[in-house]
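Spelled out, the chains give:
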Amino acid sequence: MDILVVLEDKSGNIHRMSQEAIAGAQQIGGECGLSIGVLALGENAPALAKQASQYAVEEILSLENEYLNNYTADGFTAAVAQVVSSENPKYVFFGHTYQSRDYVPRVSTKLKRPFLNDVVSYTTKEGKPVFSKQAFNAKLMAELQSNGDGPVLVSFQSATFSSDNIQNGTANVRSVTVEMDTGTIKTVPEEPFQEAAGGVDLSSADLIVSIGRGISKEENIPIAQELAKAMGAELASSRPVVDSGWLPPHHQVGSSGQIVAPKLYLALGISGAIQHVVGMKGSKNIVVINKDPDAPLFEIADYGVVGDLLEIVPKLTEAIQG
Ligand SMILES: Cc1cc2nc3c(=O)[nH]c(=O)nc-3n(C[C@H](O)[C@H](O)[C@H](O)COP(=O)(O)OP(=O)(O)OC[C@H]3O[C@@H](n4cnc5c(N)ncnc54)[C@H](O)[C@@H]3O)c2cc1C
């Protein structure tokens, strides 16, 4: 295989960002004539492999090992490094998730191979992909290409590709094994980040309602919470809302918060400072409500409403609740 996509397990299902990486592999593979394999590893490997076998890829590798039943960076690094060494693909694709951010740099170090992380787009040049990532707070785009034959590790930011574009097909599942022992794992796994922080993984949310300083005071936060609840959305915010102590830090979107790319980002009373925009401009649909018609965020909005959020939002919630 030329491209190996490494899956992440989300409670027994393929993580949305791994599905996006498969869609990306299919697109890039189609344009550059590269074949695709998929690696499912961990406790739920058979279930993930079965799901992946319905996609149009060449082969699924399924890896079970008692040392991979709970995620640890040590275990996943050792396992993925061994599979990459034995399969020798040109590219290894990951979603740019908390988990891949944790262990893929170690795979890169172990294999002494480059890791192009947080990629947001690509082009092709002479039949090879050229990857792009944001630099200097998204003021510049950096184009990256490996000058060797691979393997090159690549992680994709959320919504770089759409999981809706995955092509279905049938693929055979092959069991693979790796050598691991008690000495491999030097850490004790804890609960995954989401549960441990009691917070939200905004980077994989489909719908986000985000509030800025325009919400005016803490007492108004429930107005936005009710809208988010009616929509089945996660609640996010700009930095001033967090700095004021109105929401905990894990709600913050932006250069010093989370990078998100939901299907819908509804921004309420957010001006559009670059530090906020870099965290959400990959969203598929951006809807802005702001009473200032010159607010910079309108420049990247798909839909904009000039008005007072304190008047509009309760009516919107009522309309959604029916
Ligand atoms: C190093 C550094 C890192 C940073 N990191 C981040 C980050 O990660 N995330 C982040 O968000 N910011 C970050 N910032 C801060 C950033 O520069 C901005 O100050 C911040 O994003 C502004 O937040 P805001 O849009 O909510 O507030 P403001 O800029 O004050 O905008 C409030 C908006 O609400 C509108 N408004 C007011 N009342 C209403 C109403 N009733 N109805 C409708 N609209 C209304 C106003 O017209 C205005 O456009 C960082 C700054 C620095 C220096």
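Residues numbered from 1 in each chain as written. Predicted model: local features only at pLDDT ≥ 70, side-chain atom pairs only at ≥ 80, totals over all residues.

As a packed pair, helix α3 (residues 73-87) and helix α4 (residues 98-111) sit with axes 9 Å apart at the nearest point and diverge in direction by 50°. Comparing their axes, α4 and α3 come out oblique. Between α3 and α4 lies a crossing whose hand is right-handed. Listed contacts from α4 to A73, F76, T77, V80, A81, V84 and S85 of α3 are D102, Y103, R106, V107, K110 and L111. Here the residues of the contact of α3 with α4 are counted per class, giving eight nonpolar, two polar and three charged. (Axes fitted to C-alpha atoms, helices over the stretch in contact; angles between N-to-C directions. Helix = DSSP H or I, 4+ residues; strand = E, 2+ residues; numbered from the N terminus. Parallel < 35°, antiparallel > 145°, perpendicular 65-115°, else oblique. Left-handed = near helix turned anticlockwise from the far one by under 90°. Contact = placed C-beta atoms within 7 Å. Nonpolar A, V, L, I, M, F, W, Y, C, P; charged D, E, K, R; others polar.)

The parallel open sheet is built from five strands, whose spatial order is β14-β13-β15-β16-β17. Each end of this open sheet is capped by a strand with a single partner; those strands are β14 (234-237) and β17 (303-306). The mean inter-strand angle of the sheet, taken between neighbouring strand axes irrespective of direction, is 15°. By the bridge criterion, five bridges tie strand β15 (residues 264-268) to strand β16 (residues 285-290) in an arrangement that is parallel. Its bridge partner lying in β16, L264 is registered against N285. (Pairing = 2+ DSSP bridges.)

Read these as geometric descriptors, not functional statements.
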